[in-house]
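Take a look at the letters that make up each chain.
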Amino acid sequence: METTQQQINAIIRNLKALNSQIAKTIKSDLKGPADFLASAIKGRTPVGERPHKRYKSGKSLLFKRMPKGSGVVVATYRPGNLRKSVKTLTKLRRVKFAQIVGANTGSGNDGYYFHFVNNDVKMSNGKVRTGKRFVESAILAAGPAAQ
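Rules behind the numbers
- For every chain, the first residue of the written sequence is number 1, and numbering continues from 1 onward in sequence order.
- Two thresholds apply to this predicted model, a pLDDT of at least 70 for residue-level local features and 80 or more for giving and counting side-chain atom pairs, whereas whole-chain, interface and lining totals are computed over all residues.
- The side-chain values count all of the structure's non-hydrogen atoms but skip hydrogen atoms and water molecules.
- Where helices and strands are cited, they refer to DSSP runs of H or I of at least four residues and of E of at least two residues respectively, numbered from the N terminus.
- Summary of the burial criterion: residues with accessible area below 20% of their type's maximum are buried, those above 50% are exposed, and those between are partly exposed, where the area comes from a 1.4 Å probe applied to protein chains only.
- Should a side-chain nitrogen of Lys or Arg be within 4 Å of a carboxyl oxygen of Asp or Glu, the pair is scored as a salt bridge.

Draft legend 1. Inspection of unusual backbone geometry at higher detail. You will see that Arg133, though not glycine, has its phi angle at about 55°, which is positive. Take Arg133: it is sitting in the loop between β6 (128-129) and α4 (134-142). By relative accessible area, which is 35% here, Arg133 ends up partly exposed.

Following this line, the structure appears as structure tokens:
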């Protein structure tokens, strides 16, 4: 005959297994709306006119920042790569009960600057560059199907 503690442990194991099964079901149910939202965001993502470069440079003694164009080119971002990086992010292990849509920032992808284009950015000279707000407009356009 099992003790009370053994019965409690068996119940806890069953609940954990049920929890993981519920997480899989929720993720599969949300896959369709997440893909729909990702395609809506892709359609509204602006495409640049020219490639942009990111530099690695130290600070000079006279300036807070090095002059523009000096330093070593670390990355080149081509027009359209930001649009290609928008997808449903399925490899996020800590997210159990949701599907996340956003820019893939893994190696070789240009999603790292996604928030710079969407949101307002304060530049080093003190000016503010207004964001495009394309994610918010895509969510409104997708409607309740993606919310």
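Draft legend 2. Quick look at the pattern of salt bridges. For the structure on display, the rule yields 2 salt bridges. Of the charged contacts, one joins Lys31 and Asp35 as a salt bridge, the two residues approaching to 3.2 Å between their closest N and O atoms. Here the residue Lys31 and the residue Asp35 both occupy positions in helix α1 (residues 4-44), the gap between them amounting to 4 residues, near one helical turn. Note on Asp35: relative accessible area 34%, which makes it partly exposed. Ionic pairing is found between Asp120 and Arg133, a salt bridge with its closest N-O pair at 3.4 Å. Note that Asp120 is positioned in the loop between α3 (114-118) and β5 (121-122) and Arg133 in the loop between β6 and α4, a separation of 13 residues in sequence. Accessibility expressed as a relative area gives 43% for Asp120, which makes it partly exposed.

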